[in-house]
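For reference, the chains in residue letters:
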Amino acid sequence: MLVFIDDSGDPGFKIEKGSSLVFVIACIIFDDELQAEKTALAIKELRRELKFPDSIEFKFSKSSKEVRVKFLRSVSDYKFKIRCLVINKELIRSQELRSNKNSFYSYAIKLLLEHNDGSIFDAKIRIDGSGDRVFRKSFTAYLRKQLNSNQRKIIQDCKLVDSRSSVLVQLADIVAGSIRRSYDEDKSDKNIYKKVIQKHTIDEWQFR
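Owing to the predicted nature of the structure, the values given are computational and were not obtained by experimental measurement.

## Thoughts on unusual backbone geometry
And then number 1: One non-glycine residue, lysine 51, lies in the positive phi region at around 60°.
And then number 2: Locating lysine 51 in the fold gives a position in the loop between α1 (33-49) and α2 (65-75).
And then number 3: Lysine 51 gets classed as exposed once you look at its relative accessible area, which sits at 72%.
And then number 4: For aspartate 117, which is not glycine, the phi dihedral falls at a positive 55°.
And then number 5: Along the chain, aspartate 117 turns up in the loop between α4 (101-114) and β4 (123-128).
And then number 6: Accessibility expressed as a relative area gives 73% for aspartate 117, which makes it exposed.

## Some thoughts on the sheet that holds strand β1 (residues 2-8)
And then number 1: Sheet architecture is open: 6 strands sit in the order β5-β4-β1-β2-β3-β6, paired in mixed fashion. Looking at strand neighbours, the two that pair on one side only are β5 (155-161) and β6 (201-206), the edges of this open sheet. Geometrically, the sheet is characterised by an average inter-axis angle of 15° between neighbouring strands, direction not taken into account.
And then number 2: Bridge count between β1 and strand β2 (residues 22-30): 7 bridges; the pairing is antiparallel. Paired with phenylalanine 4 across the bridge in β2 is isoleucine 28.
And then number 3: Where α1 meets the sheet, its contacts fall on β1, β2 and β4, and the angle it forms with β2 comes to roughly 120°.
And then number 4: The strands touched by α4 within the sheet are β1, β2, β3 (81-88), β4 and β6, with β2 carrying the most contacts at an inclination of about 45°.

## A look at the nonpolar core
And then number 1: Ranked by internal contacts, the top residues of the largest apolar core, which has 36 residues, are Ile28, Phe30, Leu168, Leu171 and Val175.
And then number 2: Elements that contribute at least two residues to this core include exactly β1, β2, α1, α2, β3, α6 (167-181) and α7 (192-197).
And then number 3: With 9 residues, the top contributor of residues to this core is α6.
And then number 4: With sequence-adjacent residues up to four places away left out, leucine 171 is seen in contact with Ile28, Phe30, Thr39, Ile43, Phe71, Val75 and Phe80.

## Brief notes about the pattern of salt bridges
And then number 1: One pass over the full model with this rule turns up 18 salt bridges.
And then number 2: Taking the shortest distance from any N to any O, the salt bridge between lysine 59 and aspartate 173 comes out at 3.4 Å. You can see lysine 59 sitting in the loop between α1 and α2 and its partner aspartate 173 sitting in helix α6, a full 114 residues away along the chain. Pair check on accessibility: lysine 59 and aspartate 173 agree, each one buried.

Rules used in this analysis
- Residues numbered from 1 in each chain as written.
- Predicted model: local features only at pLDDT ≥ 70, side-chain atom pairs only at ≥ 80, totals over all residues.
- Heavy atoms only, no water.
- Helix = DSSP H or I, 4+ residues; strand = E, 2+ residues; numbered from the N terminus.
- Buried < 20%, exposed > 50% of the residue type's maximum accessible area, 1.4 Å probe, protein only.
- Pairing = 2+ DSSP bridges.
- Axes fitted to C-alpha atoms, helices over the stretch in contact; angles between N-to-C directions.
- Contact = heavy atoms within 4.5 Å.
- Core = buried A, V, L, I, M, F, W, Y, C linked by side-chain atoms within 4.5 Å.
- Salt bridge = Lys/Arg side-chain N within 4 Å of Asp/Glu carboxyl O.

Written out as structure tokens, the structure reads:
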């Protein structure tokens, strides 16, 4: 099992100074490595079709409406599942989570992976992220401690990867951005992208 994770919005809580009100974590779940390979190939072929150089990274925030829709349609026939967590940050009361971006980010990913309704187990997990070496090491250790036990094993191995080198992490970025956009009431394209991925989405969990 392969799982690719990315987020949309930002983990900060200074909403009055520009931090996003809504934070979304999305994970793309492949039960079959061959389907993951075929999906990755379709994304690379789309990049060629659009005449983008191989160095170009697909990102929701940097793509036009047309490219976002083409991207999502290019992968729509492949077999993968989408689970996402949508957090309205006004509902977060913990001072630790509100004041420490790393703590909030780690907690959000842990929540999404933990409450997976049995859809994620013994998985190779790849998460977009650079961060400093100390945070990377403590973050992956935290997830293993929180999610693996004698009774269950959600994580086989977990790595933070550079999204520029993984088109499937880029897929997670586009999906997370598509879902977060649907919560932007003032955007004319708020409903476009989520419709394209609807058949793949098995859970859109709104944090309460």
